[in-house]
Amino acid sequence: MGLLIRSLLVVLIVKSQVELQVEASSNQRTVSCDVDTSSKVAELRLIVENYLVILEDELRNTQDQVKELKVLMTETVSSELEDTRRTMAAISTIQETATSEHEETRRMVSELQVAVSTNQETATSEQEETRRMVSELQVAVSTNQETATSEQEETRRMVSELQAAVSTNQETATSEQEETRRMVSELQTAARRTMAAISTNQETATSEQEETRRMVSELQTAVSTNQQKVTVALRNTTLQLKDTRREMGVIGRQVEELQESVSRLTKIHGVRDCSDVLARGEARSGVYAAKPDSGRPFKVYCDMETDGGGWTVFQRRQDGSVDFYLDFANYSRGFGNLEGEFWLGNDNLHRLTAQGEYELRVDLTSFDDDTGFALYESFGIADVSDNYRLTVGSYNGTAGDWLAYHNNQAFTTKDRDNDLWSSGNCAQDRHGAWWYYSCAASNLNGRYFNWATTNNEGIRWNGFSASRSLKTTEMKIRRKV
Ligand SMILES: [Ca+2]
């Protein structure tokens, strides 16, 4: 930088001197040409002085710049020098480390060399020892070989002696063998004879054995077949036994039921009606036997629940399962099922009521399930000669007195007109059988409807349930004691 400025200044100065010389020569020429040159010289001096001033300024500036540059260079160089020093120090440290490592390596190599040398020596000595042992072994082997050779000789000698002995023995053995062969031959001959005898016996035994086997097999087959038959028979018998037991159980129960029924039905001595059944302690409603007089007994249904029980039921309607539009004969002997719908029969009714004082109870149920009853303090039925004429006493109850109208009336059926209606048969008109007058205030043997109709043919008890057809009815009598 400084050098450059200096060169520049030199160039400037040289250039100025050249210009000055040119100008001076020109001026000299001018001076030579012009008389008045002194003023021009003065002018040139002034110019040169000005240049000098400028040059001095520039020189000063340049010197300042050089100073600044020196300072700057010094600082830069100083820091770079410092870096270089640090690097050198690091390199020195690395070199030291490398040197110490190198030393260590050398030391280890040296030790290794020593160890290798020692090992070599050891190996050499061991090798020596090995050689010595091998040599000894060789000597021992040689000695053993010699011993072995002598032992072999001894062995050979003994073998030879043994062979000789064997030879002698063989001769002896040969003669003994001959003797033995002879004896064996004789024994073989004897054995053959014996074998022949045995063979004959064996054949006989084999055929007998075969026969026995066959018989045993047949017997086994027979036994097996019989066993199967017995098993099947046993199984069948067991099943039959089970069935029989089951049937026996059923039969037993039936017998019990029958016995109970028989018991009920045969306890007829002194049983005139359900009042007597109750008196005997039978508290269950159901079918019993009754024998009101010297005539034959008949079955009755006893109501043991209503109003103290002991009622002999003689009529029941409940579902329309029995046809009640029947003739005089049917009403005389009775019909239906005592457990369901039925009419006990006018003959039986007469026989019952003829033996004492009876009360009558009529129980009714409407299709609205309203219930009502009519109780008559007396009730009687005449015999067939009087057409089973009705006699009822005074009424009490909830259903209304709709039998009084029929009191003292004969029984009319569709085939027997005993009513007081001159223009026709009330039984036909009301589709029933009753103690019709002309015709009815009640009609409990009428047609069974399944709804509450006001039809004249229906089962009616006028005034109860507004004269509409009824759902259930029961008529029953009880002897007054
Ligand atoms: Ca009539």
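If you're wondering where the values come from, they're calculated on a predicted model, not measured in any experiment.

Novice: How would you explain the pattern of salt bridges if you had to name every residue and give the values?
Specialist: Per the stated rule, a full pass over the model turns up 32 salt bridges. Among the salt bridges present, the one from Glu359 reaches Arg478, with a minimum N-O distance of 3.0 Å. Of this pair, Glu359 sits in strand 6 (residues 358-365) while Arg478 is found in strand 13 (residues 472-479), placing the two residues 119 residues apart along the sequence. Accessibility expressed as a relative area gives 15% for Glu359, which makes it buried. Several salt bridges converge on common partners, so that one network encompasses Asp303, Arg316, Arg361, Asp363, Glu474 and Lys476.

Novice: Before we move on, could you go through the pairing of strand 6 and cite the residues and values that matter?
Specialist: Counting buried residues along strand 6, 8 of its 8 residues qualify, which places the element largely inside the surrounding structure. The side-chain alternation of strand 6 yields two buried faces, one formed by Tyr358, Leu360, Val362 and Leu364 and the other by Glu359, Arg361, Asp363 and Thr365. Pairing geometry for strand 6 and strand 13, over 8 bridges, is antiparallel. When the bridges of strand 13 are listed, Thr365 appears paired with Thr472. Across 6 bridges, strand 6 lies against strand 7 (residues 371-376) in antiparallel orientation. Looking at strand 7, one finds that Leu364 is bridged to Gly372. Here strand 6 folds back onto strand 7 in antiparallel fashion, the turn holding 5 residues, of which Asp369 has a positive phi close to 65°.

Novice: For the layout of surface pockets, give the residues involved together with the corresponding values.
Specialist: Empty space among the atoms can be located by rolling a probe the size of a water molecule over them. Within this model, the largest pocket holds a volume of roughly 230 Å³. Every residue lining the largest pocket is counted, 14 residues in all, and those nearest its centre are Phe298, Arg333, Gly334, Leu344 and Asn348. At the level of elements, strand 2 (298-303), strand 4 (335-336), strand 5 (342-343) and helix 5 (346-353) are the ones that each hand at least two residues to the lining of the largest pocket. Residue composition of the lining of the largest pocket, by class: 6 nonpolar, 3 polar and 5 charged.

Each value, and the rule that gives it
- Residues numbered from 1 in each chain as written.
- Predicted model: local features only at pLDDT ≥ 70, side-chain atom pairs only at ≥ 80, totals over all residues.
- Heavy atoms only, no water.
- Salt bridge = Lys/Arg side-chain N within 4 Å of Asp/Glu carboxyl O.
- Helix = DSSP H or I, 4+ residues; strand = E, 2+ residues; numbered from the N terminus.
- Buried < 20%, exposed > 50% of the residue type's maximum accessible area, 1.4 Å probe, protein only.
- Pairing = 2+ DSSP bridges.
- 1 Å grid on protein atoms, 1.4 Å probe; cavity = no way out; pocket = protein on both sides within 12 Å on 5 of 7 lines; lining within 4 Å.
- Points joined across faces, edges and corners; volume = space filled by probe spheres on them.
- Nonpolar A, V, L, I, M, F, W, Y, C, P; charged D, E, K, R; others polar.

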